[in-house]
Amino acid sequence: MGVYGKTKGTELESFVNMAVSAESMGGMMYYALSDIAERFGLKDVVEQLTGLGNQEMRHAVYYATLNGKYPGDTESFWKVIHGIGKAVFMGGRACERVRGNARRGRAGRRRIGSTEIRFAGTPPR
Ligand SMILES: [Fe+2]
């Protein structure tokens, strides 16, 4: 599996984790700037910034792979994919409920996994 997990459990693991974060933040920055450039109608700039964002995210993936951050076997891979599908579905339903309650002016809270979201609601119009 190439470089998969080579730094996991070594003295390099925390440094490599920082590299994952730094590269991810770089990718996010380029994507955000790309969105802004799109609003300005700068098509060429959008393509360049998106390309840079893709490169940074590939770097993040490389470092994540070094640390074995994501599963390296088929069974664990599908567990993660299944979990993501469930989380997206549940997150989407929770967001719909929050939006609905806010529209009706209801305050409340909603738990998504270990995170509690509180919302004030808005007065009904
Ligand atoms: Fe990079």
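Structural data are supplied above this passage.
Let me sum up the structure you'll find in this document. All figures in this text were calculated on a predicted structure; none of them were measured in a lab. Here the residue numbering is sequential within each chain, running from 1 through the sequence in written order. Whole-chain, interface and lining totals are the exception, using all residues; otherwise, since this is a predicted model, local features are given only for residues with pLDDT of at least 70 and side-chain atom pairs are given and counted only at 80 or more.

Attention shifts here to the overall build of the chain. Strands here mean DSSP runs of E at least two residues long; helices mean DSSP runs of H or I at least four residues long; both are numbered from the N terminus. In terms of helices and strands, the chain carries 3 helices and 2 strands. Going from N to C terminus, the chain has its helices and strands arranged as α-α-α-β-β. Taken over 125 residues, the chain has a buried fraction of 8%. A fraction of 41% describes how many contacts in the chain between residues 6 or more apart in sequence connect residues 24 or more apart. Counting other C-beta atoms within 10 Å of a residue's C-beta gives its exposure: the residue is buried at 20 or more, exposed at 12 or fewer, and partly exposed in between, where C-beta atoms are placed from the backbone. By definition, residue pairs are in contact when their C-beta atoms, positioned from the backbone, come within 7 Å.

Here we take up helix H1 (residues 13-39). Taking 1.5 Å per residue, 27 residues should reach 39 Å; H1 reaches 39 Å between its end C-alpha atoms and fits that length. For H1, the full list of buried residues reads Glu23, Gly27 and Tyr30. In this structure, the buried side of H1 is in contact with helix H2 (43-66). For a helix, the expected span equals 1.5 Å multiplied by the number of residues minus one.

Okay, the packing of H1 against H2 next. Each packed pair of helices is defined by two parameters, the angle between the axes and the distance between the axes. The angle between two axes is taken between their N-to-C directions and runs from 0 to 180 degrees, where each axis is a line fitted to C-alpha atoms and a helix contributes only its stretch in contact. For the pair H1 and H2, interaxial distance at closest approach is 8 Å and the crossing angle is 165°. The angle between the axes of H1 and H2 places the two elements in the roughly antiparallel class. Of the two possible hands of crossing, H1 and H2 adopt the one that is left-handed. Angular relationships are summarised with four words: roughly parallel below 35 degrees, roughly antiparallel beyond 145, roughly perpendicular across 65 to 115, and oblique for the angles in between. With the far helix as reference, a near helix turned anticlockwise by less than a right angle produces a left-handed crossing, and one turned clockwise produces a right-handed crossing.

Further remarks concern helix H3 (residues 74-103). Compared with the 44 Å implied by 1.5 Å per residue over 30 residues, the 43 Å span of H3 between its first and last C-alpha is a close match. Here H3 lies mainly on the outside; 0 of its 30 residues are buried. Positive backbone phi, approximately 80°, marks Gly105, located one or two places after H3.

Let us now look at the environment of Val98. Here Val98 lies in helix H3. C-beta crowding within 10 Å serves as the criterion here: with 19 such atoms nearby, Val98 is assigned to the partly exposed category. The sequence separation of Val98 and Gly108 amounts to 10 residues, and the corresponding C-alpha distance is 8.3 Å.

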